[in-house]
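One letter stands for each residue in the lines below.
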Amino acid sequence: MKRSTRALAGFAAAILLAACNNNNNGGVSPTPGPGCGNPPYNMEVLYPKPNAPKVPPTAQVFYVAVSQALPSGNQYDFWVVPSTGSPQYSVNQNGQPVINQPGSGFFSVNASQIPFPHANPTFSNPQYYATGVPYPIGPLTTVNLVWNDYGTGCNPNVIVSSFSTK
């Protein structure tokens, strides 16, 4: 019993330490090896709207705008880093709960497919894409969307948007 209590306390401490850093990166610590850097083509998250406070807990698809077409067959996606873990999330090497699945790739969508309320692109002639995760986010969770280029094996380390579920 003592051993499991110590392990649980160690796990909780790891999550707290990962969330408390001075780099202002929302608790996403760089990992060994090259970082993924920023998304390409002026990518902007449209839905869920950045900093939205009451996104449906069933959210699984994220919509973006880019200034030019993404490569066909891309393995880009977002790591979903929630404030609390749950069974459908795993823990990365930094002790952070994440949905850790291979990149689903962004797929082309029409502007009319983006749910409301959403942000509007800040540039002209945007192209719209979406990507999804295998599980709903869940209720009362603050989420960071972290850029990932799964095809390169880079380490996701750039938060591109945050929101909270109701």
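Residues numbered from 1 in each chain as written. Predicted model: local features only at pLDDT ≥ 70, side-chain atom pairs only at ≥ 80, totals over all residues. Heavy atoms only, no water.

**Student:** So what exactly am I meant to see when it comes to the packing of aromatic side chains here?
**Tutor:** Aromatic ring pairs are reported here in terms of the distance separating the ring centres and the angle at which the planes meet. Per the counting criterion, the structure on display carries seven aromatic pairs. With a centroid separation of 6.3 Å and 65 degrees between ring planes, the pair formed by Tyr47 and Tyr63 is classed as edge-to-face. Of the two residues, Tyr47 is situated in strand 1 (residues 44-47) and Tyr63 in strand 2 (residues 61-66); the sequence distance between them amounts to 16 residues. An aromatic cluster is defined as three or more aromatic residues linked by ring pairs; in this entry it consists of Phe62, Tyr76, Phe78, Phe106, Trp147 and Phe163. (Phe/Tyr/Trp six-rings, centres within 6.5 Å; stacked < 30°, edge-to-face > 60°. Helix = DSSP H or I, 4+ residues; strand = E, 2+ residues; numbered from the N terminus.)

**Student:** Please clarify how unusual backbone geometry should be interpreted in this entry.
**Tutor:** Phi is mostly negative for residues that are not glycine, and the peptide bonds are mostly trans. Along the chain, Tyr47 connects to Pro48 via a cis peptide bond; the corresponding omega equals -5 degrees. Relative to the assigned elements, Pro48 resides in the loop between strand 1 and strand 2. For the peptide bond that leads from Phe116 to Pro117, omega is -10 degrees, which places it in the cis range. Tracing the backbone shows Pro117 in the loop between strand 6 (107-109) and strand 7 (127-132). With a phi close to 65 degrees, Asn51 is a non-glycine residue in the positive phi region. Turning to its location among the elements, Asn51 is positioned in the loop between strand 1 and strand 2. Although it is not a glycine, Asn125 adopts a positive phi angle of roughly 55 degrees.

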